[in-house]
Amino acid sequence: MAAFDMSDPEAVVSPGGVGFDINCGVRLLRTNLSESDVSPMKEQLAQTLFNHIPVGVGSKGVIPMTATNLEEALEMGMDWSLREGYAWAEDKEHCEEYGRMLQANPNKVSSRAKKRGLPQLGTLGAGNHYAEIQVVDKIYDQHAARKMGIDRTGQVCVMIHSGSRGLGHQVATDALVAMERAMKRDNIVVNDRQLACARIHSQEGQDYLQAMAAAANYAWVNRSSMTFLARQAFAKTFKSTPDDLDMQVIYDVSHNIAKVEEHYIDGKQKRLLIHRKGSTRALPPHHPLIPVDYQLTGQPVLIGGTMGTCSYVLTGTEQGMQETFGTTCHGAGRALSRAKSRRNLKYEDVLDDLARKGIAIRVASPKLVMEEAPESYKNVTDVVETCHAAGISKMAIKLRPVAVIKG
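Residues numbered from 1 in each chain as written. Predicted model: local features only at pLDDT ≥ 70, side-chain atom pairs only at ≥ 80, totals over all residues. Heavy atoms only, no water.

1. Description of unusual backbone geometry
Here is step 1: Positive phi is not limited to glycine here, since Asn187 has a value of about 55°.
Here is step 2: Within the secondary structure, Asn187 is located in the loop between α8 (165-186) and β6 (198-199).
Here is step 3: Unlike most non-glycine residues, His286 shows phi in positive territory, near 70°.
Here is step 4: Considering the arrangement of structural elements, one finds His286 in the loop between β10 (279-281) and β11 (300-303).
Here is step 5: Its relative accessible area of 56% is what places His286 among the exposed residues. (Helix = DSSP H or I, 4+ residues; strand = E, 2+ residues; numbered from the N terminus. Buried < 20%, exposed > 50% of the residue type's maximum accessible area, 1.4 Å probe, protein only.)

In structure tokens form, the structure reads like this:
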């Protein structure tokens, strides 16, 4: 997390401080199903979900998109999904920024980025992205859980972890090139070229912020499209409707983004550009930017586990607001590099281990699963408990996977 004072003419924005996968984030849906409803149909449900949601490196979306649609989606975010019938009005309410960054300008997104993004809308991608069917394993905060519509252990949820695909990656790549030139012009020196940056109020800085917002909108439309497909998959499997299954979005939170926020520093209110890369916004109770349902609990914070490990829902705290500008962890970071994981682990062993735990798995590229094996990452429980002990977020719910869909 890095914060820069908007009133300081020297303050910078850095694409490296946001990440290549702009608005990579996590969305959690609840259902009124119990584990006993899903267990007998686990394999069938996993297969249906895998058939509905396109996954893998070059996956193509099934949501029909034209170039004009893409321009609108980049500008409108989830308002586009709502208009086209892929989202429910309540989904927007339970989404960071209400699913739309208003400063988005599709004209600042290069044609190469648009070309990459056009076929990929509504796709999961590869790497650490996944769609998981999870069950509530433990409830730490009954009041917060009830506000989220979680009232018992064994309740089934769906977690979707994805971002802005090739479009966001290209926006970041384009910006780094432009910013390297700006740094030479403005005599800015950094010790790593991946931290290339530009003054916030420079042309390059403003161009990037407008393009980044458009890529963030794309990511929200992407997660909304996959929510639509997941709802269809569940409805088909259980011969019901998403509405009757109560498949509401609990929350959608980003962990690679830069946003202008107001915070107090030494008792003075300041407008700051907050970069969050691999960290999650965690606003406290009574904050004006969180929906009315969560005003008394604080903003839900979604911490995705690694393939086959548990995930957590936390809530934001006032202490986090004071100490970390309302920011907490986003999950477990890597313990082994991707190359080392491939060398040290066998993909058959990883898949067998998941099967032993009773987890149904569908993978588009089995040979890549070693990179995402639980052994490749730090222990997510340790990370979450550390944030809880530090007081910057509060544990509410623990979820464990029963089925995993991966690229």
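2. Quick notes on the pattern of salt bridges
Here is step 1: Counted by the stated rule, this structure contains 30 salt bridges.
Here is step 2: The residue Lys398 makes a salt bridge to Asp137 at a minimum N-O spacing of 3.8 Å. A residue pair is termed long-range when its members are at least 10 positions apart, and Lys398 in strand β15 (residues 393-406) and Asp137 in strand β4 (residues 130-139) qualify at 261 residues.
Here is step 3: Owing to a relative accessible area of 31%, Asp137 belongs among the partly exposed residues under this scheme.
Here is step 4: Measuring nitrogen to oxygen at the nearest pair gives 3.1 Å for the salt bridge that ties Arg185 to Asp186. (Salt bridge = Lys/Arg side-chain N within 4 Å of Asp/Glu carboxyl O.)

3. What about the sheet that holds strand β1 (residues 2-5)?
Here is step 1: A sheet is described by the order of its strands in space; here 3 strands give the open sequence β1-β9-β8, paired in antiparallel fashion. The sheet terminates laterally at β1 and β8 (256-265), the two strands that pair on one side only. The sheet shows a mean angle of 30° between the axes of neighbouring strands, direction not considered.
Here is step 2: Pairing of β1 with strand β9 (residues 268-277), which is carried by 4 bridges, proceeds in the antiparallel orientation. By the bridge assignment for β9, Phe4 is matched with Leu273. (Pairing = 2+ DSSP bridges. Axes fitted to C-alpha atoms, helices over the stretch in contact; angles between N-to-C directions.)

4. Some remarks on the nonpolar core
Note on soluble globular proteins: their nonpolar side chains tend to be buried together.
Here is step 1: Judged by nonpolar contacts, the single largest core of 47 residues is most densely connected at Ile22, Trp80, Val109, Leu167, Val171, Tyr208 and Met212.
Here is step 2: For this core, the secondary-structure elements that each account for two or more residues are β2 (12-13), α3 (67-76), α4 (78-84), α8, α9 (203-238) and β8.
Here is step 3: In this structure, Met212 is in contact with Val18, Ile22, Met101, Val171, Ile257 and Ala258, ignoring residues within four places of it in sequence.
Here is step 4: In terms of nonpolar packing, the next biggest core, distinct from the first, is built from 28 residues, Val38, Val55, Ala131 and Leu245 among them. (Core = buried A, V, L, I, M, F, W, Y, C linked by side-chain atoms within 4.5 Å. Contact = heavy atoms within 4.5 Å.)

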